[in-house]
Amino acid sequence: MKQEAALQPPLTKSGLENPTRRTLLLGSAGAMAAVSLLGFSPLAKADEPKSLPDYAAWKERNALIVHSANTMETERGAIGNGVITPSDRLFVRNNLPAPPASITDDPDAWEVHIEGVKNPRNLTVGELKKMGVTTVASVLQCSGNGRAFFPHGASGTQWSVGAAGCVMWTGVPLKDVVEALGGPVDGAKYITSSGGESLPDGLDPKTIIVERSVPTRAMSSAILAWEMNDEPLTHTHGGPLRMVVPGYYGVNNVKYVKNVALSENQTDAKIQVSGYRVRDVGVKGATDQPSMWEMNVKSWVTSPLEDGRSGRTMIYGVAFGGTVALKKVDVSVDGGKTWKQARFLGPDLGPYAWRPFVLAADLPAGEHRVVSKASDVDGNTQPEGRTENERGYGHNGWSDHGVTVTLS
Ligand SMILES: Nc1nc2c(c(=O)[nH]1)N[C@H]1C(S)=C(S)[C@@H](COP(=O)(O)O)O[C@H]1N2
Ligand SMILES: [Mo]
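Computed from a prediction, not measured in an experiment: that's the story for all the values here.

Asker: Explanation requested: the overall build of the protein chain in the structure shown.
Answerer: Within the protein chain one finds 4 helices and 21 strands. For the protein chain, buried positions account for 57% of its 408 residues. In the protein chain, the proportion of contacts linking residues at least 24 apart, taken out of those at least 6 apart, comes to 72%. When the accessible surface of the protein chain is summed, it comes to about 16500 Å², and 50% of that surface belongs to carbon and sulfur atoms.

Written out as structure tokens, the structure reads:
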């Protein structure tokens, strides 16, 4: 979803408590049944310290907030000042129970079916590796990152800022694969990717499967990736093979991808038809509402987070423009009354990567509301407030994303 004219955010003041609604695993009774059929259960109570689930046990526990066995976000203070998020700090989000680790035992043997091309066929990862290769740095961010700031208690994981990271993906450009198979069929308007989780019998697969369509304008940048941060893609993050659509919200980056179809229509899977649709609070999801595709411009402060001493203070954060390169980040230490332009830190890894930023400020004793506001080269800028919406998607309002520190 780009900022849509139809959804003008009311300018709301921040400082709202995070709603404490329990995380919903999935949006329907049928899906809940599927989850229990698969022997999956959420980790105990919301306020107990939770351990990492087995499939993510290799992660850095202290860097993560564990919401449930299928949702873990990076602590704001663990995001760091580097361009690349270390793999063991990257957030995890599974709509379905993760496949067993054995799925990556023989990654080159994994097969993906490509259809909606002149010569549809199965390709193994081993074959894909000989068709082309590229590396792209790209922000992976869940559609609901920032959901915890919505005062209506949007259902879903109560992500703060950490359901996002910037990683390097290596794989074959999708367009190379499509060309090698004779090009797209006539009238193809969407790229539909299907996740490889095994689905339980007795339930309509369309209500459960992670299957997402993106417009073919994403063809120029999409890749079928087998490496993340220069290592074979773990099953935690979608190995052996993942569809990566740079600059698009997380859900479109389908893990364990087993089918890619070029098609005239979007998939009729529930996750596409009614899921990930931006609509007013209280309204059901439907195809006439914007789908969570291109990410909007966004930033947040990562340091300082704790109260400290007055004086010269380095203010750090991260910023990205989705599919559009960043232009600048402005920082305010008085809650948005006055702004100063921050400096980008580290190399520019391209339009889909995030850019750490820093501003040196002289702060007197007292309370300071530190906020950041990013702008992209197309002239989009973060709004002050939220675009209130039922599921709490796409929040990029600068006010809610700030931090308050008291200096003595
Ligand atoms: N096959 C499959 N792909 C998936 C999902 C899933 O549950 N299954 N979750 C999606 C969502 S909602 C997000 S935000 C990202 C999370 O990616 P990560 O777990 O690698 O951080 O994966 C997306 N791709
Ligand atoms: Mo997500």
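Asker: Quick question: what am I supposed to make of the site of ligand 1 here?
Answerer: Taken together, 20 residues form the shell around ligand 1, and within it N95, E197, H237, R242 and K255 come nearest. The separation between an oxygen atom of ligand 1 and a polar main-chain atom of R93 is 2.9 Å. Measuring from a nitrogen atom of ligand 1, one finds a side-chain N or O atom of E197 at 2.6 Å. Taking 530 Å² as the accessible area of ligand 1 by itself, protein coverage stands at 100%. Along the lines of polarity and charge, the residues of the shell around ligand 1 split into 10 nonpolar, 6 polar and 4 charged. Formed jointly, the shell around ligand 1 draws a minimum of three residues from each of two domains, domain 1 (2-93) and domain 2 (101-273).

Asker: Sorry if this is basic, but what is going on with unusual backbone geometry here?
Answerer: Leaving glycine out, the prevailing phi sign among residues is negative, and the prevailing peptide bond configuration is trans. Note the cis peptide between G239 and P240, where omega equals 10°. With respect to the helices and strands, the residue P240 is situated in the loop between β11 (231-232) and β12 (242-244). A cis geometry characterises the amide bond from S303 onward to P304, with omega recorded as 0°. One can find P304 in the loop between β14 (298-303) and β15 (311-320). With a phi angle near 40°, Y256 is a residue other than glycine that sits in the positive phi range. Its location among the elements puts Y256 in the loop between β12 and β13 (257-263). Unlike most non-glycine residues, Y276 shows phi in positive territory, near 55°.

Asker: Looking at this model, I keep getting lost on the side chain of K298. Mind explaining?
Answerer: Inspection of the secondary structure assignment puts K298 in strand β14. Comment: no salt bridge for buried K298; closest opposite-charge side chain is E73, at 9.4 Å. A polar side-chain atom of K298 sits 3.3 Å from the main-chain carbonyl oxygen of N145. Within the local environment of K298, its side chain forms a polar contact with the backbone oxygen of H395, the two atoms lying 2.9 Å apart. In contact with K298, other than residues within four places in its own chain, are Q141, N145, V318, A319, F320, A374, Q382, H395, N396 and H401.

Asker: How should the packing of aromatic side chains be read in this particular structure?
Answerer: Two aromatic rings, taken as a pair, are described by how far apart their centres are and by the angle between their planes. If you walk through the whole model with that rule in mind, you get 7 aromatic pairs. Residues Y190 and W293 carry aromatic rings whose centres are separated by 6.3 Å and whose planes lie at 40° to one another, so their mutual orientation is tilted. Placement of Y190 in strand β8 (residues 190-195) and of W293 in the loop between α4 (270-273) and β14 is noted, with a sequence separation of 103 residues between them. On the accessibility criterion, Y190 (17% relative accessible area) is buried. An aromatic cluster of at least three residues, connected via ring pairs, comprises W300, F320 and W354.

Asker: Just to check I follow, could you spell out the pattern of salt bridges for this structure?
Answerer: Side-chain pairing between opposite charges can occur once the charged atoms of the two side chains come close. In the structure shown here, the tally under the stated rule is 9 salt bridges. A salt bridge links K129 to D108, with the nearest nitrogen and oxygen atoms 2.7 Å apart. In this pair, K129 sits in the loop between α2 (125-128) and β6 (134-141) while D108 sits in the loop between β3 (92-93) and β4 (111-115), placing the two residues 21 residues apart along the sequence. Linking R355 and D348 is a salt bridge whose minimum nitrogen-to-oxygen distance equals 3.8 Å. Judged by relative accessible area, R355 falls into the buried class, the value being 15%. Overall, the relative accessible area of 52% leaves D348 in the exposed class. Overlapping salt bridges bring together K206, E211 and D268 as one network.

Asker: Please explain the pairing of strand β1 (residues 64-68) as it appears in this structure.
Answerer: On any regular strand, side chains alternate: one points to one face of the sheet, the next to the other face. Burial analysis of β1 places 4 of its 5 residues in the buried class, the great majority of the element. Where β1 meets strand β2 (residues 71-74), 4 bridges bridge the pair, whose relative direction is antiparallel. Opposite V66, over in β2, you have M72 as the bridge partner. Counting the residues between successive antiparallel strands, the hairpin from β1 to β2 contains 2 residues.

Asker: So what exactly am I meant to see when it comes to the confidence of the model for the protein chain here?
Answerer: The predicted coordinates ought not to be read in detail in places where the model reports low pLDDT. Per-residue pLDDT for the protein chain averages 90, and the proportion of residues at 70 or more is 88%. Mean pLDDT values over the elements of the protein chain span from 38, in helix α1 (residues 29-37), up to 99, in β12. Segment residues 1-44 is flagged for pLDDT under 50; beyond a separation of four residues in sequence, or across chains, it makes 93 contacts in the model.

Asker: Help me understand the sheet that holds strand β9 (residues 211-215) in this model?
Answerer: Two strands in a sheet stick together by hydrogen bonds in their backbones, pointing the same way (parallel) or opposite ways (antiparallel). Spatially, β5-β4-β13-β8-β9 is the arrangement adopted by the 5 strands of the open sheet, whose pairing is mixed. The outermost strands of the open sheet, each flanked by one partner alone, are β5 (121-124) and β9. Here the average twist between neighbouring strands, direction ignored, is 20°.

Criteria and cut-off values
Residues numbered from 1 in each chain as written. Chains lettered and ligands numbered in written order. Predicted model: local features only at pLDDT ≥ 70, side-chain atom pairs only at ≥ 80, totals over all residues. Heavy atoms only, no water. Helix = DSSP H or I, 4+ residues; strand = E, 2+ residues; numbered from the N terminus. Buried < 20%, exposed > 50% of the residue type's maximum accessible area, 1.4 Å probe, protein only. Contact = heavy atoms within 4.5 Å. Areas by Shrake-Rupley, 256 points an atom, 1.4 Å probe, with all protein chains shown as cover. Near = heavy atom within 4 Å. Polar contact = N/O pair within 3.5 Å; in protein donor to acceptor, adjacent residues only side chain to side chain. Nonpolar A, V, L, I, M, F, W, Y, C, P; charged D, E, K, R; others polar. Domains from an automatic or database assignment. Lys, Arg positive; Asp, Glu negative; His and termini not counted. Salt bridge = Lys/Arg side-chain N within 4 Å of Asp/Glu carboxyl O. Phe/Tyr/Trp six-rings, centres within 6.5 Å; stacked < 30°, edge-to-face > 60°. Pairing = 2+ DSSP bridges. pLDDT = per-residue confidence, 0-100. Axes fitted to C-alpha atoms, helices over the stretch in contact; angles between N-to-C directions.

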